[in-house]
Amino acid sequence: MIRIGQAGIPLSCKGRTNKDGLVYTKQILDLNAMEVQFVRGLYIMEDEEAEFMAEYSKENDIELHVHAPYYINLGGSGEELNLSIEKVLSSARLAQKMGAKTVVTHPGYYGEDSEKKTMKKIIKNLKKIQNQFKKEKIKVKLGIETMGKKKVFGSLEEIIEISNNVKGVIPVIGLGHIHARTNGGLKKRENFEEVFQLVKNLRLKHYLLHVTGVLYEDGNEYYHIPIKKGDMPLMPLIDVILDNNYDVTFISESPLLEHDAVYIRLQVEKAIMKRTGKEEADYRDLSEIL
Ligand SMILES: [Zn+2]
């Protein structure tokens, strides 16, 4: 199954609440996923809005994910760490209320510590968070995102190691970030195959993919840019997904948000048409190509 959506409220949606964004995603964009962004500080969502999100997404088959605030350092200590854990937990509680599948967070920074020590700290803190999830009966998966800058913790290998060590934690595959961090490493089919090969041991049934174009230099991301302006091609990725029948959700986190989500959709449908020889395709219907 393929799901496609954007990170946050669509740019072209006049209403600026998550509720507005969700309805727009269904009615105007005809997409089937959305990642709610709690990225500006600690986000408060009224129960009524969370309930609406849960009901509407369920009725209309839209998969929800949640992104916790950006500044989180699970490799830190003291007050910074406590705040980080609290941000993840409050995002997760809201994600649970909304019936979201994943709460996504950035892992943290190396700071003064070695990579090994940072890894240990982050694993320890994620276990703490998972214990709290258990206590509060939070069923949402905790997704840790790959990061696009070398000085920040979060290569694909590091995220996989964390996921191997903490139950309930899954990698969020930020393809733009991986591309930047590997200095343009995602160009050909075999490059994308390698990404899926690396996460294979985790036996994931579903992959949450973040997609954007990126401007980068020496393995460091500068900006997110529109997919078409970047140098990471979509087609080889889509081919790998269709050939292996991977269950994926594409979340566009490009500055064009929903415009690039719709672009992803068109590319997926083009790939389906190429396989069926027909002039029409729907990204939700893969029955003819499996
Ligand atoms: Zn992120």
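What counts and how
Chains are numbered independently. Their residues run from 1 in the order of the written sequence. Totals for whole chains, interfaces and linings use every residue, but because this is a predicted model, local features are given only for residues with pLDDT of at least 70 and side-chain atom pairs only at 80 or more, for both listing and counting. Note that the side-chain values use all heavy atoms of the structure and ignore hydrogens as well as water. Residue burial is assigned from relative accessible area. The probe radius is 1.4 Å, only protein chains are included, and a residue is buried under 20% of its type maximum, exposed over 50%, and partly exposed in between. Counting from the N terminus, the helices are the DSSP runs of H or I reaching at least four residues and the strands are the DSSP runs of E reaching at least two. Whether two strands pair comes down to DSSP finding at least two bridges between them. For salt bridges, the criterion is a side-chain nitrogen of Lys or Arg within 4 Å of an Asp or Glu carboxyl oxygen. Donor atoms are limited to N, O and S found within 2.8 Å of the metal ion, a distance that becomes 3.2 Å for Na, K and Ca. With water left out, some sites might look partial.

### A few points about the pairing of strand 6 (residues 141–145)
Then step 1. Within strand 6, 4 of the 5 residues are buried, which leaves the element mostly enclosed by the surrounding structure.
Then step 2. In this structure, strand 4 (residues 102–105) lies alongside strand 6, joined through 4 bridges in parallel fashion. In the strand pairing of strand 6, Thr 102 is matched with Lys 141.
Then step 3. Bridging between strand 6 and strand 8 (residues 169–174) involves 4 bridges; their strand directions are parallel. When the bridges of strand 8 are listed, Leu 142 appears paired with Val 169.

### Examining the pattern of salt bridges
Then step 1. Per the counting criterion, the structure on display carries 20 salt bridges.
Then step 2. Across the pair Arg 284 and Asp 282 runs a salt bridge whose closest N-O atoms are separated by 3.0 Å.
Then step 3. For Arg 284, a relative accessible area of 33% corresponds to the partly exposed category.
Then step 4. You can call Asp 282 partly exposed: its relative accessible area is 28%.
Then step 5. Residues joined in a network through salt bridges with shared partners are Asp 30, Arg 265, Glu 269, Asp 282 and Arg 284.

### Points about the coordination of the zinc ion
Then step 1. The coordination sphere of the zinc ion contains the protein donors His 67 (NE2), His 106 (NE2) and Glu 145 (OE), at a distance range of 2.0 to 2.2 Å.
Then step 2. Donor residues for the zinc ion sit on one chain with the sequence pattern H-x38-H-x38-E. One end of the pair, His 67, is in strand 3 (residues 63–67); the other, Glu 145, is in strand 6, and 78 residues separate them in sequence.
Then step 3. Classification of His 67 as buried rests on a relative accessible area of 1%.
Then step 4. Accessibility expressed as a relative area gives 1% for Glu 145, which makes it buried.

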